[in-house]
Amino acid sequence: MVSGSVDEKLEPILSEVLRRNAGELEFHQAVREVLESLGRVVAKHPNYADNALIERICEPERQIIFRIPWVDDHGNVQINRGFRVQFNSALGPYKGGLRFHPSVNVGIIKFLGFEQTFKNALTGMPIGGGKGGSDFNPRGRSDGEIMRFCQSFMTELHRHLGEYTDVPAGDIGVGGREIGYMFGQYKRLTNRYEAGVLTGKALFHGGSRARKEATGYGATYFVERMLATKGQAFEGKRAVVSGSGNVAIYTMEKIIEFGGKIVACSDSNGYVVDEGGIDLDLVKEIKEVRRQRIAEYVRLKGAGSRYVEGGSIWSVPCDVAMPSATQNELTGKDAKILVKNGVVAVGEGANMPSTPDAVRIFQDAGVLFGPGKAANAGGVATSALEMQQNASRDSWTFERTETRLAEIMRNIHDRCAETAEEYGAPGDYVLGANIAGFVRVAEAMDALGVI
Ligand code: NDP
Ligand code: 2IT
């Protein structure tokens, strides 16, 4: 079997996924990557291919698509499309974020739900996999429009949710404000203060301390652990983090705490470079408070920083790269430049941000590569800690929650590393994550019978 290809026993499964889900390119990409890793599993344990187990894992348990009508500030009726893909509930209630972005379609949500299933399994917590969202574009919308949209979205979605059924959270375009509006509508429609139905809530609604920080902090802990396997650390390293949203901001915060220097970050319009080290308070002010474009950074900071419209942030030389914006944002061409510039480690804060050829280039060059489903699992793991606090009507300190998060990330790292080693590919975190995640889901499914 050649690395980077699907074993001939699994090829018919991939062909069927491509046929059944025509045109859903991101979903094809995510399934292909996992199936590439599974050849080694079925070679060693053929029973995992029994009872169409792998075919069942590739087919979502349920897919919901619905209309979201709402009224904008000018009195016009707008229509968006809503999605929830309830992918796999073998390990617990469906769990995964909601994405509001104009690029959202069923294929994107399906790829995210598929990835989420393995990611959630890797956390070791009792959560299944799901994902949802809408093609709604929040950019430039007033607070009132966001609220009315969230209420209309939840008016349909609420009947499919529940703390034992399906528990959404945030993703691109969905943060604390949106979760608050959705929780308010859920509570009103059901007449239940069911805190465990959504995570990423405000503290006073039963939210968890450190949830906002968790994905970025967790990804940084993961990379710290990868670096340690080579006797290295963040101290004194140059890092580039793409995006400037929730994941990017708290990745930058932890890297700075670990003694690294952030030299560039971005949004979908362009990137900023600040050789003196990105001023994170300023990024937070621009993005979290003012909700403006990252170009504002240079206007407010002035001397020493520069803004590049368009272009690729990956042309900025760095030791550590943390793609934290969106899928397929780091291409083979970008990977070659990063390798040429001496990158040591790449940790995916976003879901599937590196294209398959980029991943291959990093791995062939011996760059430490942490795939999203392992490296960014700290967010959903802390969501599971939020569910745990809600179930026990408790509220933990920041320190206790972060200590748990760090421990979970260490375990995920070590599990991926050990699994890669066990299957004859030491240092291959992609293979390790796919196999370790798959085995946990497969065993849980198998024990439930054919469902
Ligand atoms: P946010 O909405 O907070 O931030 C997203 C950032 O990425 C923004 O800077 C945005 O720029 C940029 N971005 C989004 N879409 C594109 C695009 N098509 N092209 C270029 N840039 C883009 O989202 P999050 O930080 O929550 O999510 C970022 C990534 O992390 C996603 O892949 C998400 O799935 C993943 N993730 C999130 C978790 C969480 O807990 N929130 C957990 C695990 C993974 P702009 O403002 O210009 O659109
Ligand atoms: O991709 C992800 O893991 C998330 N958006 C977080 C999901 C969650 O339920 O916290």
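Just above sits the structure.
Note that this is a predicted model, so its numbers are computed, not measured. (Residues numbered from 1 in each chain as written. Chains lettered and ligands numbered in written order. Predicted model: local features only at pLDDT ≥ 70, side-chain atom pairs only at ≥ 80, totals over all residues. Heavy atoms only, no water.)

### Brief notes about the site of ligand 1
Then comes step 1: D171, T215, S268, R293 and N351 are the nearest of the 25 residues found near ligand 1.
Then comes step 2: A distance of 2.8 Å separates an oxygen atom of ligand 1 from a polar atom in the side chain of T215.
Then comes step 3: In isolation ligand 1 has 880 Å² of accessible area, and contact with the protein removes 82% of it.
Then comes step 4: Those elements that provide at least two residues to the shell around ligand 1 are α7 (211-228), α8 (246-257) and β7 (261-267).
Then comes step 5: Taken together, the residues that form the shell around ligand 1 break down as 4 nonpolar, 14 polar and 7 charged. (Near = heavy atom within 4 Å. Polar contact = N/O pair within 3.5 Å; in protein donor to acceptor, adjacent residues only side chain to side chain. Areas by Shrake-Rupley, 256 points an atom, 1.4 Å probe, with all protein chains shown as cover. Helix = DSSP H or I, 4+ residues; strand = E, 2+ residues; numbered from the N terminus. Nonpolar A, V, L, I, M, F, W, Y, C, P; charged D, E, K, R; others polar.)

### Overview of the sheet that holds strand β3 (residues 94-100)
The strands making up a sheet associate through hydrogen bonds between their backbones, and the pairing can be parallel or antiparallel.
Then comes step 1: What the 5 strands build is an open sheet, ordered β1-β2-β4-β3-β5; its pairing is mixed. Unpaired on one side and paired on the other, β1 (62-71) and β5 (166-169) mark the two borders of the sheet. Taking each pair of neighbouring strands and ignoring which way they run, the sheet shows an average axis angle of 20°.
Then comes step 2: In this sheet, strand β2 (residues 77-88) lies alongside β1 in antiparallel orientation, the contact comprising 10 bridges. Considered in β2, the bridge of I64 is made with R84. (Pairing = 2+ DSSP bridges. Axes fitted to C-alpha atoms, helices over the stretch in contact; angles between N-to-C directions.)

### Describing unusual backbone geometry
Then comes step 1: Despite not being glycine, N191 has its phi angle at roughly 60°, a positive value.
Then comes step 2: Mapped onto the elements, N191 comes out in the loop between α6 (176-190) and α7.
Then comes step 3: If you check the backbone angles, N328 has positive phi at about 55° while not being a glycine.
Then comes step 4: Within the secondary structure, N328 is located in the loop between β10 (320-322) and α11 (332-340).
Then comes step 5: The partly exposed category is assigned to N328, whose relative accessible area is 26%. (Buried < 20%, exposed > 50% of the residue type's maximum accessible area, 1.4 Å probe, protein only.)

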